[in-house]
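As a plain string of letters, each chain reads:
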Amino acid sequence: SSQVQRGLEKLTPAQVDQKTAEVVQYILVKDQKKIPVRRAELVKNIVKDYRTVYPEIIKRAKRIFEQVFGLKLVEIDPKNHMYILVNNLDTPAAAASPVKCPSNPKTGLLFVILSVIFMKGGIVRENQIWNTLKKLRVDPGQRHEEFGDVRKVVTEEFVRQRYLEYTRIPHTEPIEYEFRWGHRADMEVSKAQILEFMGQLHEQDPRSWSQQYREAHTGSSSSQN
Amino acid sequence: GKEKASQLFSEGCAFDPTAFAEHLLSFMGLNRLEEEEENDELQNGGGVDGFLPKDAWHRLARRTECCFKTAPTFHYMMGSFYAEPPPPKQKSD
Amino acid sequence: MSRQLGDHHRRFLQTMMTIGITSEKEAKTLYQHCCETHKTQCAPDRLEEFIEAINSRLQPMFMQIRKGMSEEDGQQHYALVNTAETDITRMTSDYADNELELFRKIMDLIVSSENGKASSTDILNSADMMTSKKLKKGETQQLLLRLVQDKWLCESQGEYNLSTRCIIEMEPYIRAMYQDQVKVCHICHNMAFQCQICENPSCGIKIHNPCVARYFKGRMEPHCPACDDFWPHEIPEVRELHSLSKR
Ligand SMILES: [Zn+2]
Ligand SMILES: [Zn+2]
């Protein structure tokens, strides 16, 4: 807009580049823990006096993430203006790499939870999740060797990262909660890939779950593939 | 999805979380100790028999990585603290 | 001038983000893999140029893929490093403030030591003298484990030394911070932690173990390259890995 244009005229290209680099750096640091970055925080901590040219700076940061890192900076939750980084490469670098990449066991845990939610139509009562996890020797009431406090990981960490939504079911006594996919899961997780592995596990054609198959392949949500 | 709930399971096969968990256990390399029926009680969530190998969850993670388009993260040591020379060795208290 | 990058560059960079450090040999394999995945022409002898292209776009973001030698085996490695120290870089949450304080104390111990190592006993003792929130013994041991896992330290028989990744990334910091104490290898001029030292008191030059191996290879009587005194240390074997010799 013209306001941005006027703001840019008061700055040297080097100043704008420097500010953009700081924004990129800040987002990379925040992404270490996969916590979404709030626009308000970004402006307050980093952009500061450059807020009039903020749209231009975020546009440039997006371009750098795409062109240099192969990552996509996306806005989730447009109401609260939050950003996350998503991989832009078709297959993750670690998956097919000839050099040994460490794996994160929480990916497995997350996969189980997201799969159950997806296969059950998008919303699942929390008991259903805990029961499934218990069968896998993961008990929310006990310290787990690999995950520590599992209840905390699932209902706090995964929620803060926006992989899961954990909400109270209205009018239940005693209080009950349910799980849904969070915004990050919508952006990051491929339903088609989940079904693919589901089929492999059950030795069954993925198309036999017709409802889910249709959802995965018409892209009724924003996830790719 | 508005009509999702009513449409769900009206066609195609149903999803059974118990069967799913069983398949996952096999995939993760569950070491089934002996006869299952004996110990398989609901109170224990049916999870008493057999044990999972140490790398069970890593195994699952490696297989399911391709479902996630997660951005890799950048970690460093230099720059995570103030670059000040170590203080001259003296104790404040 | 900065160049346009392709997906093969991006895949290489993403893998470096995941692993932090790689040997030159692995880097070549990875380079080839990235080119194949994205159907790009690959010139195996052009790894340096390939990395230079990535660096030209990374450096404005205060990052770099930097080359350095492993003190262990003398092989070249590449590490993805941070090059800035600012309010933003200090926001990293991998380690708590008191954990970072102990890490700096470990560096103090290692830099000021004869052999480039710190024993776990000495580390536990310095954990007792922290100014920020003290770490308990168990917490210190957990932290040491994590520092090894994250490839900042190496451990061998209860002794800790700086990893190759740490030396590559922290070199400017260590040179600035420990000006008087830091040792430099007489052969390759890089910082030296684990090395042999000339025993002539008026000489005292340092040489990395792998540099010793290479320098004295095939010589009957080893003499100090600076003062010509007899070199009294055991000469290690050159550890040449597979095809990795030309450079
Ligand atoms: Zn040397
Ligand atoms: Zn000498």
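The residue numbers shown here count from 1 along each chain, following its written sequence. Written order decides the labels, with chains lettered from A and ligands numbered from 1. Predicted model: local features are reported for residues with pLDDT of at least 70 only, side-chain atom pairs are reported and counted for 80 or more only, and whole-chain, interface and lining totals are derived from all residues. For the side-chain quantities, the full set of heavy atoms in the structure was used; hydrogens and water were omitted.

Secondary structure assignment for chain B yields three helices and zero strands. The buried label goes to any residue with under 20% of its type's maximum accessible area, the exposed label to any with over 50%, and the partly exposed label to all in between, with areas taken from a 1.4 Å probe on protein chains only. The buried share among the 93 residues of chain B stands at 35%. Pairs of residues are marked as contacts when any of their non-hydrogen atoms sit within 4.5 Å. A sequence separation of at least 24 residues applies to 39% of the contacts in chain B between residues at least 6 apart. Element-wise, carbon and sulfur atoms account for 51% of the exposed surface of chain B, whose accessible area totals about 5800 Å². Helix numbers and strand numbers start at the N terminus; a helix is a DSSP run of H or I with at least 4 residues, a strand a run of E with at least 2. Only the protein chains shown count as cover for residues, and all accessible areas are computed by the Shrake-Rupley method using a 1.4 Å probe.

Attention shifts here to the packing of aromatic side chains. Only rings of Phe, Tyr and Trp enter the pairing, Trp through its six-membered ring, and a pair is recorded when the two centres are within 6.5 Å. The plane angle decides the type: under 30 degrees is stacked, over 60 is edge-to-face, the rest tilted. Tallying each qualifying case throughout the model produces 17 aromatic pairs over all chains. Measuring from ring centre to ring centre gives 5.2 Å for Phe147 of chain A and Trp57 of chain B, while their planes differ by 80 degrees; the resulting arrangement is edge-to-face. With one member in each of two chains, Phe147 of chain A in the loop between β5 (143–144) and β6 (148–149) and Trp57 of chain B in helix α3 (residues 56–64) form a pair that bridges those chains. Take Trp57 of chain B: its relative accessible area is 3%, and that puts it in the buried class. With centroids separated by 6.4 Å and ring planes inclined at 75 degrees, the aromatic side chains of Tyr163 of chain A and Phe68 of chain B adopt a geometry described as edge-to-face.

Our next topic: the coordination of the zinc ion (ligand 1). Residues and elements named next belong to chain C. With water excluded from the atoms, a metal site may look incomplete; its donors are any N, O or S atoms within 2.8 Å, or within 3.2 Å for Na, K and Ca. Here the zinc ion (ligand 1) is held by the protein donor atoms Cys185 (SG), Cys188 (SG), His208 (ND1) and Cys211 (SG), which lie 2.1 to 2.3 Å from it. Considering all four donor atoms around the zinc ion (ligand 1), angles at the metal cover 96 to 118 degrees and the coordination shape is tetrahedral. Counting along the primary sequence, the residues that act as donors to the zinc ion (ligand 1) give the motif C-x2-C-x19-H-x2-C. One end of the pair, Cys185, is in the loop between β7 (183–184) and β8 (191–192); the other, Cys211, is in helix α8 (residues 209–216), and 26 residues separate them in sequence. Cys185 gets classed as buried once you look at its relative accessible area, which sits at 1%. Geometry is assigned from donor-metal-donor angles: four donors are tetrahedral when every angle falls between 85 and 135 degrees, four are square planar and six octahedral when opposite donors sit over 155 degrees apart with all other angles between 65 and 115, and any other arrangement is irregular.

Here we take up the coordination of the zinc ion (ligand 2). All names here are of chain C. Every protein donor of the zinc ion (ligand 2) is accounted for by Cys198 (SG), Cys203 (SG), Cys224 (SG) and Cys227 (SG), and the metal-donor separations fall at 2.2 to 2.4 Å. Taken together, the four donor atoms surrounding the zinc ion (ligand 2) define angles of 103 to 115 degrees at the centre, an arrangement classified as tetrahedral. Between the donor residues of the zinc ion (ligand 2), the gaps in sequence give the motif C-x4-C-x20-C-x2-C. One end of the pair, Cys198, is in the loop between β9 (195–197) and β10 (206–208); the other, Cys224, is in the segment after α8, and 26 residues separate them in sequence. Judged by its relative accessible area of 5%, Cys198 falls in the buried class.

Attention now moves to unusual backbone geometry. Cis geometry marks the peptide bond from Glu173 of chain A to Pro174 of chain A; its omega dihedral reads 0 degrees. Even without being a glycine, Phe62 of chain C presents a positive backbone phi close to 65 degrees. With respect to the element layout, Phe62 of chain C can be found in the loop between α3 (47–58) and β2 (63–69). You can call Phe62 of chain C buried: its relative accessible area is 17%. Unlike most non-glycine residues, Gln157 of chain C shows phi in positive territory, near 50 degrees.

What follows is about the interface of chain A and chain B. Each partner contributes to the interface: chain A provides 58 residues, whereas chain B provides 46 residues. Summed over both partners, the interface of chain A with chain B comes to about 4800 Å²; 62% of that surface belongs to carbon and sulfur atoms. In the sections that follow, a salt bridge refers to a side-chain nitrogen of Lys or Arg positioned within 4 Å of a carboxyl oxygen of Asp or Glu. Our enumeration of links across chain A and chain B arrives at one salt bridge. The shortest N-O distance in the salt bridge between Glu145 of chain A and Lys54 of chain B comes to 3.4 Å. Counting of polar contacts relies on pairs of N or O atoms within 3.5 Å, with two restrictions inside protein: one atom must be capable of donating a hydrogen and the other of accepting it, and residues adjacent in sequence are counted only when both atoms are side-chain atoms. In this assembly, chain A and chain B are joined by twelve residue pairs in polar contact (both at pLDDT 80 or more). Of all the elements in the fold, those that place two or more residues in the side of chain A that touches chain B are α2 (13–31), β3 (82–87), α5 (93–96), α6 (105–119), α7 (126–135), α10 (191–202) and α11 (210–218) of chain A. Buried area: the accessible surface (1.4 Å probe) lost by two parts on joining, summed over both.

Purely geometric numbers; function is a separate question.
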